[in-house]
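Chain by chain, the residues run as shown.
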Amino acid sequence: MRRRGTLVFCAAALVLGGCSRPAGIVVEAEDTFPGPATVVEMADSRLAPLLLGGWHDLEAGSWRWTERRFTVLLKAPPGGQAATLKLEFALPDAVAARFGSVRLAAKVNGTPLPAQSYEQAGQLTYSCRVPPEALRGETALVEFELDKALPPGPNDARELGVIVAGVGLY
């Protein structure tokens, strides 16, 4: 907020002829929401408005826990072309140990995609071809659903599904 106030003050002063930027000073562009993106990396806080529901706060500057159901809005490829939906995530040891396996399903603009099951904890990828008829508009509403998630408990009041680093249409 302080940076914005300084920039507004200097911009107004420039118009009035009284403020100049000293040599060597670089004015950084303020972080602004760029609009829908085909790929959302959790580390890019500007894209947080595309995470519509079921997401917890950013952790370690690069990943987010999800709830059992979570939704993201992505930019669809031009011309209704087919694409591949990829979700880069981790299945934590605690989730895998408690449930044995977790099933992840997705829908793109209401079109169901095949579910995939994961039995081992670790870094994983959900990858599935999205048919062109599901990508006819400018955006793609992607709804994910896990069949199981850790319920809120005494150590963490949140429902916890998987840990996501990024999601996108490729």
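Placed above this text is the structure.
Below, the structure is looked at part by part. (Residues numbered from 1 in each chain as written. Predicted model: local features only at pLDDT ≥ 70, side-chain atom pairs only at ≥ 80, totals over all residues. Heavy atoms only, no water.)

Looking at the overall build of the protein
To be explicit about the condition: In DSSP terms, a helix is any run of H or I states spanning at least four residues, a strand is any run of E spanning at least two, and both are numbered starting from the N terminus. A 1.4 Å probe rolled over the protein chains alone gives each residue an accessible area, and that area as a share of the maximum for its type sets the label: buried under 20%, exposed over 50%, partly exposed in between. Contacts between residues were defined by any pair of non-hydrogen atoms, one from each residue, lying within 4.5 Å. Only the protein chains shown count as covering a residue, and every accessible area follows the Shrake-Rupley method with a 1.4 Å probe.
Within the protein, the regular secondary structure consists of two helices and nine strands. Reading the secondary structure of the protein in the N-to-C direction produces α-β-β-β-β-α-β-β-β-β-β. In the protein, which comprises 170 residues, the share counted as buried stands at 35%. In the protein, 64% of the contacts between residues at least 6 apart in sequence involve partners at least 24 apart. Carbon and sulfur atoms make up 53% of the accessible area of the protein, which totals about 9,800 Å².

Looking at the pattern of salt bridges
How we decide: Counted as salt bridges are all cases of a side-chain nitrogen of Lys or Arg within 4 Å of a carboxyl oxygen of Asp or Glu.
This model, assessed by the stated rule, comprises six salt bridges. A salt bridge links Arg-69 to Glu-145, with the shortest nitrogen-to-oxygen separation between them at 3.4 Å. Within this pair, whereas Arg-69 is found in strand S3 (residues 63-75), its partner Glu-145 is found in strand S8 (residues 139-146), the two being separated by 76 residues in sequence. Judged by relative accessible area, Arg-69 falls into the partly exposed class, the value being 49%.

Here's the deal with the pairing of strand S5 (residues 102-108)
Convention followed: Only strands joined by at least two bridges in the DSSP assignment are considered to pair.
Taking every second residue as pointing to the same face, the buried face of S5 carries Val-102, Leu-104, Ala-106 and Val-108, while none of Arg-103, Ala-105 and Lys-107 on the other face is buried. Sheet topology places S5 next to strand S6 (residues 111-118); six bridges connect them, and they run antiparallel. When the sheet's bridge partners are listed, Lys-107 is paired in S6 with Pro-112. Taking the residues between adjacent antiparallel strands as the criterion, S5 and S6 are bridged by two residues, where Asn-109 takes a positive phi near 50 degrees. Sheet topology places S5 next to S8; five bridges connect them, and they run antiparallel.

Some points on the packing of aromatic side chains
Operational definition: Two rings belonging to Phe, Tyr or Trp (six-membered ring only in the last case) form a pair when the distance between their centres is within 6.5 Å. Interplanar angles under 30 degrees mark stacking, angles over 60 mark edge-to-face geometry, and anything in between is tilted. To sit over a ring, a charge needs its Lys NZ or Arg CZ within 6 Å of the ring centre and within 35 degrees of the ring normal.
Taken as a whole and judged by the stated rule, the model has four aromatic pairs. With 5.2 Å between their ring centres and 75 degrees between their planes, Trp-55 and Phe-70 make a pair best called edge-to-face. With Trp-55 in strand S2 (residues 51-59) and Phe-70 in strand S3, this residue pair connects regions lying 15 residues apart in the sequence. What makes Trp-55 buried here is its relative accessible area of 13%. Relative to Tyr-118, the ring of Phe-89 lies with its centre 5.1 Å away and its plane at 90 degrees, an arrangement referred to as edge-to-face. Taken together, the residues Phe-89 in strand S4 (residues 83-91) and Tyr-118 in strand S6 connect sequence positions 29 residues apart. With a relative accessible area of 10%, Tyr-118 lands in the buried category. Each residue in the set Trp-55, Phe-70, Tyr-126 and Phe-144 is aromatic and connected to the rest through ring pairs, giving one cluster. For Lys-86, the ring lying beneath its charged end belongs to Tyr-170, and the centroid distance is 5.4 Å.

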